[in-house]
Amino acid sequence: MNYPTPHIKATPSDFGQTVLMPGDPLRSKFIAENFLENPVLVNNVRGVQGYTGTYKGVRVSVMASGMGIPSIGIYSYELFNIFGVRNIMRIGSAGAIHPELHLRDIVVAQGACTDSNFAHHYHLDGTFAPIASYEMLRKAVSSCEEVGANYRVGNILSSDNFYGDEEGLPEVMGDVSSWKKMGVLAIEMEAAGLYMTAARWSGNALCICTISDHLLTGECLSADERQTSFRQMMEVALETAVKLEK
Ligand code: HPA
C-alpha cells in the first residue's frame, strides 16, 4: 500500500516519530491548539484530525483513533506501515475496577487484556499477551514521577462493549468482577488493538489513561474536572515524547 491511504491523506514527512492518539477528533484539535507550537493539520479524512507541531523543540503529532479496537487497528496499521511512525501513544480515559484507584489517577497500561476477537487474524496457536513498549513505559513512568501524578502501572481491559447486557443499567458495563479478580485496573476500548498492531508491524506503543469514572463506586468526573486531569496526562505524554527523541 502507498500513501495516501484510504484513511490518511498525508505523506510520511508530515508526521513526527511519535503520534499521540486521543479517541476524539475534537480532542486532537484541542491538543494541537493548546499544547503544540505551530500545529499544522496533516490529515482530515472522515474528520479524524491529525496535526503535527513542536513541543520543547521536538516534532510531535497528534491524531485521533476513533472508538474501539477496529478503529485504532486501522490508524495504527497505516501510521506504522505506510507513514513510518515509530511510536504511538494512546491518551484516553478509562473506568476503574480496582478499589485503590481514584478519579483523576493515571493508569499506565503495561498489558492490555481483551474480550475482542482481534487477535484471531494473526492465526496464533494460543493466546497472545498484548504488552506496552518497555522503553515507552519506563519513560512515561519517569514523566509521571516528574509531574507528581498519582499513577499505577498494570493490566487493563480493552473491551468491545461499553454498554452491558443488563436492562435498566445502560451506563454500566456488565459484570466486571472476573477481571477485577485478576487484578485488572481499568476498562477502556482500544489499547489491546494498538499493542497487537505494534507487535505485528514492529512499532512501539503505549496507552496511558486518566480515570474518568469508577465502576465499583459509580463516581464520575464532571466535564470541568475531566479537563484538569487531562492536562496532567498531556504533560506526561508530551514529556515522554521528548524523552523518546533522545
Ligand atoms: N468502559 C469502557 N471505556 C471507558 C469506560 C468504561 O467504563 N470509561 C471510560 N472509558
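Structure: see above.
Attention here is on the structure that accompanies the text.

What counts as what
Residues numbered from 1 in each chain as written. Predicted model: local features only at pLDDT ≥ 70, side-chain atom pairs only at ≥ 80, totals over all residues. Heavy atoms only, no water. Helix = DSSP H or I, 4+ residues; strand = E, 2+ residues; numbered from the N terminus. Buried < 20%, exposed > 50% of the residue type's maximum accessible area, 1.4 Å probe, protein only. Polar contact = N/O pair within 3.5 Å; in protein donor to acceptor, adjacent residues only side chain to side chain. Contact = heavy atoms within 4.5 Å. Near = heavy atom within 4 Å. Areas by Shrake-Rupley, 256 points an atom, 1.4 Å probe, with all protein chains shown as cover. 1 Å grid on protein atoms, 1.4 Å probe; cavity = no way out; pocket = protein on both sides within 12 Å on 5 of 7 lines; lining within 4 Å. Sits in = over half its atoms within 2 Å of the grid points. Phe/Tyr/Trp six-rings, centres within 6.5 Å; stacked < 30°, edge-to-face > 60°. Lys NZ or Arg CZ within 6 Å of the ring centre and 35° of its normal. Points joined across faces, edges and corners; volume = space filled by probe spheres on them. Nonpolar A, V, L, I, M, F, W, Y, C, P; charged D, E, K, R; others polar. Pairing = 2+ DSSP bridges.

1. A closer look at the side chain of serine 71
Phase 1 of the analysis: Structurally, the position occupied by serine 71 is in helix α2 (residues 69–81).
Phase 2 of the analysis: Serine 71 sits in the buried class, given a relative accessible area of 18%.
Phase 3 of the analysis: There is a polar contact of 2.6 Å between the side chain of serine 71 and the backbone oxygen of serine 65.
Phase 4 of the analysis: Discounting chain neighbours no more than four positions away, the residues touching serine 71 are Ser65 and Gly66.

2. Some details on the site of the ligand
Phase 1 of the analysis: In the vicinity of the ligand, the contacting residues are Ser93, Ala94, Gly95, Phe162, Ile187, Glu188, Met189, Ser212, Asp213 and Leu215.
Phase 2 of the analysis: Here a nitrogen atom of the ligand sits 3.2 Å away from a polar atom, N or O, in the main chain of glycine 95.
Phase 3 of the analysis: When the ligand is considered free in solution it has 260 Å² of accessible area, and contact with the protein chains removes 91% of it.
Phase 4 of the analysis: Here the ligand occupies the largest pocket.
Phase 5 of the analysis: At the level of secondary structure, the elements contributing two or more residues to the shell around the ligand comprise β5 (87–96), β8 (186–188) and β9 (204–214).

3. Considerations on the side chain of lysine 243
Phase 1 of the analysis: Within the secondary structure, lysine 243 is located in helix α6 (residues 223–244).
Phase 2 of the analysis: A relative accessible area of 15% places lysine 243 in the buried class.
Phase 3 of the analysis: A distance of 3.0 Å separates polar atoms of two side chains, one belonging to lysine 243 and the other to glutamate 146.

4. Some words on the packing of aromatic side chains
Phase 1 of the analysis: Throughout the structure, instances matching the rule amount to 7 aromatic pairs.
Phase 2 of the analysis: Pairing tyrosine 3 with phenylalanine 83 gives two aromatic rings, centres 6.3 Å apart and planes at 40°, and the pair type is tilted. Taken together, the residues tyrosine 3 in the segment before β1 (18–21) and phenylalanine 83 in the loop between α2 and β5 connect sequence positions 80 residues apart.
Phase 3 of the analysis: Classification of tyrosine 3 by relative accessible area gives partly exposed; the value is 38%.
Phase 4 of the analysis: Relative to tyrosine 122, the ring of phenylalanine 118 has its centre 6.0 Å away and its plane inclined at 80°; by these criteria the two rings are edge-to-face.
Phase 5 of the analysis: On the accessibility criterion, tyrosine 122 (19% relative accessible area) is buried.
Phase 6 of the analysis: Feature note: the residues Tyr3, Phe15 and Phe83 constitute an aromatic cluster, connected by ring pairs.
Phase 7 of the analysis: Over the ring of phenylalanine 230 we find arginine 27, and its NZ or CZ is 3.8 Å from the ring centre.
Phase 8 of the analysis: Sitting over the ring of tryptophan 201, arginine 200 keeps its end group 4.0 Å from the ring centre.

5. A short note on the layout of surface pockets
Phase 1 of the analysis: Roughly 930 Å³ of volume is contained in the largest pocket.
Phase 2 of the analysis: Forming the boundary of the largest pocket are 34 residues, of which Ser93, Phe162, Ser212, Asp213 and Arg226 lie nearest the centre.
Phase 3 of the analysis: A total of 6 residues in the lining of the largest pocket trace back to one element, the largest contributor, which is β5.
Phase 4 of the analysis: Counted by class, the lining of the largest pocket contains 14 nonpolar, 11 polar and 9 charged residues.
Phase 5 of the analysis: Empty space within the second largest pocket amounts to approximately 210 Å³.

6. Overview of the pairing of β5
Phase 1 of the analysis: With respect to burial, β5 is a largely interior element, 9 of its 10 residues being buried.
Phase 2 of the analysis: In the sheet, β1 pairs with β5 via 4 bridges, with the strands oriented parallel. Note that in β5 the partner of threonine 18 across the bridge is asparagine 87.
Phase 3 of the analysis: Two strands pair when backbone bridges link them, and β5 and β9 are joined in this way by 10 bridges, in the parallel orientation. Of the residues in β9, the one forming a bridge with methionine 89 is leucine 206.
Phase 4 of the analysis: The pairing of β5 with β8 spans 2 bridges and is classified as antiparallel. Across the sheet, the residue bridging to glycine 95 is isoleucine 187, located in β8.

Everything listed here is a matter of geometry and, on its own, says nothing about what the molecule does.
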